[in-house]
Amino acid sequence: MTTATWNGTVIAESDDIVTVEGNAYFPRASVREDVLRPSSKHTTCPWKGEASYFSLEVDGQTNPDAVWYYPEPKDAAKEITDRVAFWRGVEVR
């Protein structure tokens, strides 16, 4: 079981992980909805497409833009459809 933890709290767990460029992509359904907050941040990857972000909020602390996903990944990245990845101090083990 792969686990994503931030601020001492498990925010996602799954046995179904896709690894792309060293990042573990969790199924969207495996992420706790109650810790996700909308973000207006977007970035673009030439081969994956446009990424959108969520911030995390745990125990009153916020980790801005710590979760990213591709709402409509390009064909080369279809394997990460409906998946999210983490950074900015989120520990994935």
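Refer to the preceding data block for the structure.
Reading the values: the criteria
- Residues numbered from 1 in each chain as written.
- Predicted model: local features only at pLDDT ≥ 70, side-chain atom pairs only at ≥ 80, totals over all residues.
- Heavy atoms only, no water.
- Pairing = 2+ DSSP bridges.
- Helix = DSSP H or I, 4+ residues; strand = E, 2+ residues; numbered from the N terminus.
- Buried < 20%, exposed > 50% of the residue type's maximum accessible area, 1.4 Å probe, protein only.

Peer 1: Sorry, what's going on with the sheet that holds strand E9 (residues 91–92) here?
Peer 2: Sheet strands line up and pair through hydrogen bonds in the backbone, either parallel or antiparallel. Pairing in this open sheet of 3 strands is antiparallel, and the strands run E2-E1-E9 from one edge to the other. Two strands lie at the open edges of the sheet, namely strand E2 (9–14) and E9, each paired on one side alone. Bridge analysis of strand E1 (residues 2–6) against E2 gives 5 bridges, and the strand direction is antiparallel. Residue pairing across strands places Thr5 opposite Val10, the latter belonging to E2.

Peer 1: How do you make sense of unusual backbone geometry when you look at a structure like this?
Peer 2: Note: most peptide bonds trans; most residues except glycine with negative phi. In the Ramachandran plot, Asp59 falls in the positive-phi region, its phi being about 50 degrees despite a non-glycine side chain. Mapped onto the elements of the fold, Asp59 is located in the loop between strand E6 (49–58) and strand E7 (61–69). Positive phi, close to 55 degrees, is recorded for Arg88, a residue that is not glycine. We classify Arg88 as partly exposed; its relative accessible area is 38%.

Peer 1: What is the right way to look at the pairing of E6 in this model?
Peer 2: Successive residues of a regular strand alternate their side chains across the two faces of the sheet. Counting buried positions along E6 gives 8 out of 10 residues, so the element sits mostly inside the fold. The pairing of strand E5 (residues 36–45) with E6 spans 7 bridges and is antiparallel. In the sheet register, Arg37 faces E6, and the bridge partner there is Ser55. Hairpin geometry of E5 and E6 is characterised by an intervening segment of 3 residues between the two adjacent antiparallel strands. In this structure, E6 lies alongside E7, joined through 6 bridges in antiparallel fashion.

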